Amino acid sequence: MAERGKDKSGMGAGLPEGREKEYTHQSHYIHGRMMSWKWDFRHHVVPPISQSVTYRLYSSSRGAMGFERFPEPKEGEPPVYIYDRLDEPTRAMLEENLAFAHGGEVAVCFASGMAAIAAALGVLVRAGDRIIAHRLLYGCTHSLLENWLPRLGVEVVRVDLNSPDELDQALNHRTRAVYLETPVNPDLDVIDIAALRAVVDEYNADRAPEERAYLIVDNTFATPYGQQPLRHGAHMVVESLTKDVGGFGTVMGGVVVAPRELYDDLRIFRKDFGGVMAPMSAWNILVYGLPTLPVRLHAQQETARKVATWLENHPLVREVRYPGLASFPDLEVAKRQMVSPDGDYMPGFLIYFTLHGGLEPARALLDFLAREAYSITLAVSLGQVKTLIELPSAMTHAALGEEGITEGGLEPGGIRLSVGLENPDDLIRDFERGFDWLRAELGERTLSPQRRSG
Ligand SMILES: Cc1ncc(COP(=O)(O)O)c(C=O)c1O
């Protein structure tokens, strides 16, 4: 998936310029272009890993040239690598492939999803500027926006971005970023990116480029194969690669996909704040994560659909939110937005559900599963081959506090399930045991539909 048509040597397995559209993205994810102007490795079938913190410079003028060319290397000229934190080839290859996967101009990888989010916002805002963000966000993003950016004089306004009108009203002359996740972590709201872009375009219409607002979408839940926000109007995409893109729960990483005008600043931000992705992490994602993503996603969501359907029909379950169910509230937007580059609807691998009785039975169920289940693991994170379950209000979203939970509309008893690659029957078997135990332990009265859920 690396830069197209740059190699004129005719060597190696490359697509002739202009012919890449004849192949599916599923195959692009496996082969990429596997040839990069960032590094000549055309004789390898698997791209080699480069693990060198610093680079031999041969002469002081070569050293000076390297610094001169940073942060914007000249395309087509062999890069002068100096020091890992500035740039290095394994990560650079992953960046080319991620930019292509998203249909974006450039991608810059970071040490984690949070480092990527901090950079995406960090290159846009100055003291006095405003960020408008959705009312519900992943706990650490919430903490970044509520605890850290205001200390630097950045104003953060939280609204319900399901409503373009709320965005319209919150925009002021210093707004530089509109920030959301879709699907939202953890309640899986699917927010209409194109509708928000229309509002942002109106705001930007008579503004100088440096005063414009950027629409930023955290695409972690969907992954690039499941949704490409740039095609729907986002200016920038951020993603935690730690999740289903990495895929195996062994490495951390994050990416910002952005227009070229932000490339230098993103790379300088990374150099100076230091949140670089390790080459070993980049290599793992390049060699294992990305090539298997389409196949894993298809398998995960087939299982998720079966599990969600089973949960929806269980009498102890109050509500199931899964974009693959006919009952999903945002189905119309999801069907438009959550589509693979090969044209398939991609409802994803995450399920959000609540029980009758709310928080108490939710905690009890999770404790039971932690003790007794084989195929379901109580753990935070998501997008691994193992199915993971957690209680956002007490875990991933604990940073919201009581106020943030109420204002974000998060149910204290909401359960997040990240479906892996197990057989769906095994997952259902573990849930069945959990629900049977719950019924015996807490009794029908606690779990009856009449009781208000927390
Ligand atoms: C939606 C979302 N964005 C960002 C992050 C942060 O990613 P990382 O843990 O790689 O920093 C997470 C982590 O769970 C997430 O769920």
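All values derive from a computational prediction rather than experimental measurement.

Definitions and cut-offs
- Residues numbered from 1 in each chain as written.
- Predicted model: local features only at pLDDT ≥ 70, side-chain atom pairs only at ≥ 80, totals over all residues.
- Heavy atoms only, no water.
- Helix = DSSP H or I, 4+ residues; strand = E, 2+ residues; numbered from the N terminus.
- Rg over C-alpha atoms; globule rule 2.2 N^0.38 Å.
- Buried < 20%, exposed > 50% of the residue type's maximum accessible area, 1.4 Å probe, protein only.
- Areas by Shrake-Rupley, 256 points an atom, 1.4 Å probe, with all protein chains shown as cover.
- Lys, Arg positive; Asp, Glu negative; His and termini not counted.
- Charge placed at Lys NZ, Arg CZ, Asp CG, Glu CD.
- 1 Å grid on protein atoms, 1.4 Å probe; cavity = no way out; pocket = protein on both sides within 12 Å on 5 of 7 lines; lining within 4 Å.
- Points joined across faces, edges and corners; volume = space filled by probe spheres on them.
- Nonpolar A, V, L, I, M, F, W, Y, C, P; charged D, E, K, R; others polar.
- Pairing = 2+ DSSP bridges.
- Axes fitted to C-alpha atoms, helices over the stretch in contact; angles between N-to-C directions.
- Expected span 1.5 Å × (residues − 1).
- Disulfide = S-S within 2.5 Å.
- Contact = heavy atoms within 4.5 Å.
- Core = buried A, V, L, I, M, F, W, Y, C linked by side-chain atoms within 4.5 Å.
- Patch = residues over 30% accessible without salt bridge, like charges linked within 9 Å, V, L, I, M, F, W, Y side chains within 5 Å.
- Salt bridge = Lys/Arg side-chain N within 4 Å of Asp/Glu carboxyl O.

This next bit is on the overall build of the protein chain. For the protein chain, the helix and strand inventory stands at 14 helices and 12 strands. A globule of 454 residues ought to have a C-alpha radius of gyration of about 22 Å, and the protein chain, at 23 Å, matches this closely. In terms of principal-axis extent, the alpha carbons of the protein chain reach across some 80 × 50 × 40 Å. Expressed as a percentage of its 454 residues, the buried residues of the protein chain come to 58%. Just so you have it, the protein chain exposes about 18,800 Å², and 51% of that area is on carbon and sulfur atoms. Separation of charge centres in the protein chain, based on 47 positive and 62 negative side chains, amounts to 4 Å.

Our focus in this paragraph is empty space enclosed by the protein. A complete count under the given rule lists 3 cavities of 30 Å³ or more for this structure. Taken as a whole, the largest cavity spans an internal volume of roughly 120 Å³. Lining the largest cavity, in full, are Gly66, Arg69, Phe70, Pro73, Pro79, Val80, Tyr81, Ile82, Tyr83, Leu86, Asp87 and Arg267. Looking at the lining of the largest cavity residue by residue, the classes come out as 8 nonpolar, 1 polar and 3 charged.

Moving on: the layout of surface pockets. Space inside the largest pocket adds up to approximately 490 Å³. The wall of the largest pocket is formed by 24 residues, among which Arg176, Pro209, Glu210, Arg212 and Tyr214 lie closest to the centre. The element contributing the most residues to the lining of the largest pocket is helix H7 (residues 193–204), with 4 residues. For the lining of the largest pocket, the residue count by class is 8 nonpolar, 5 polar and 11 charged.

A separate point is the sheet that holds strand S2 (residues 130–134). Here we have 7 strands laid out as an open sheet, ordered S1-S7-S6-S5-S4-S2-S3, and mixed in their pairing. Each edge of the sheet is formed by a strand with only one pairing partner; in this case those strands are strand S1 (106–110) and strand S3 (155–159). Geometrically, the sheet is characterised by an average inter-axis angle of 20 degrees between neighbouring strands, direction not taken into account. Bridge count between strand S4 (residues 175–181) and strand S5 (residues 214–218): 5 bridges; the pairing is parallel.

A separate point is helix H12 (residues 359–372). Between the first and last C-alpha of H12 there are 20 Å, a value that for 14 residues agrees with the 20 Å anticipated at 1.5 Å per step. Along H12, the residues that are buried comprise Pro361, Ala362, Ala364, Leu365, Leu366, Phe368 and Leu369.

What the rule picks out here adds up to 0 disulfides. Free of any disulfide, cysteine 109 has its nearest neighbouring cysteine sulfur in cysteine 140, separated by 20 Å.

Turning our eyes to something else, we now look at the environment of proline 150. Secondary-structure assignment places proline 150 in the loop between helix H5 (139–148) and S3. Residue proline 150 is classed as partly exposed on the basis of its relative accessible area, which comes to 36%. The spacing of proline 150 and glutamate 319 is 169 residues in sequence and 36 Å in space, taken between C-alpha atoms. Residue contacts for proline 150: discarding those within four places in its chain leaves Leu144 and Leu145.

Judged by nonpolar contacts, the single largest core of 62 residues is most densely connected at Leu94, Leu98, Leu161, Leu167, Leu241 and Ile285. For this core, the leading source of residues is helix H10 (residues 279–312), giving 8 residues. Non-local contacts of leucine 167, meaning those with residues more than four positions away in its chain, are made with Ile132, Leu161, Val178, Leu196, Val199 and Val200.

A surface patch of negative charge is lined by Asp165, Glu166, Asp168 and Glu202. In terms of residue count, the dominant contributor to the negative patch is helix H6 (residues 164–170) (3 residues). Secondary-structure assignment places glutamate 202 in helix H7. Note on glutamate 202: relative accessible area 63%, which makes it exposed.

A few words on the sheet that holds strand S11 (residues 387–390). Strand pairing in a sheet relies on backbone hydrogen bonds, with the paired strands running either antiparallel or parallel. Taken in spatial order, the 5 strands line up as S8-S9-S12-S11-S10 in an open sheet, and their pairing is mixed. Whereas interior strands pair on both sides, the edge strands pair on one side only; in this sheet they are strand S8 (317–321) and strand S10 (376–378). Neighbour-to-neighbour, the strand axes of this sheet turn through a mean angle of 25 degrees, independent of strand direction. In the sheet, S11 pairs with strand S12 (residues 415–418) via 3 bridges, with the strands oriented antiparallel. Looking across to S12, one finds that glutamate 390 is bridged to arginine 416. Sitting on the sheet, H10 is in contact with S8, strand S9 (350–355) and S12, with an inclination near 10 degrees to S9. On top of the sheet, H12 reaches S9, S10, S11 and S12; it is set at about 125 degrees to S9, its chief contact.

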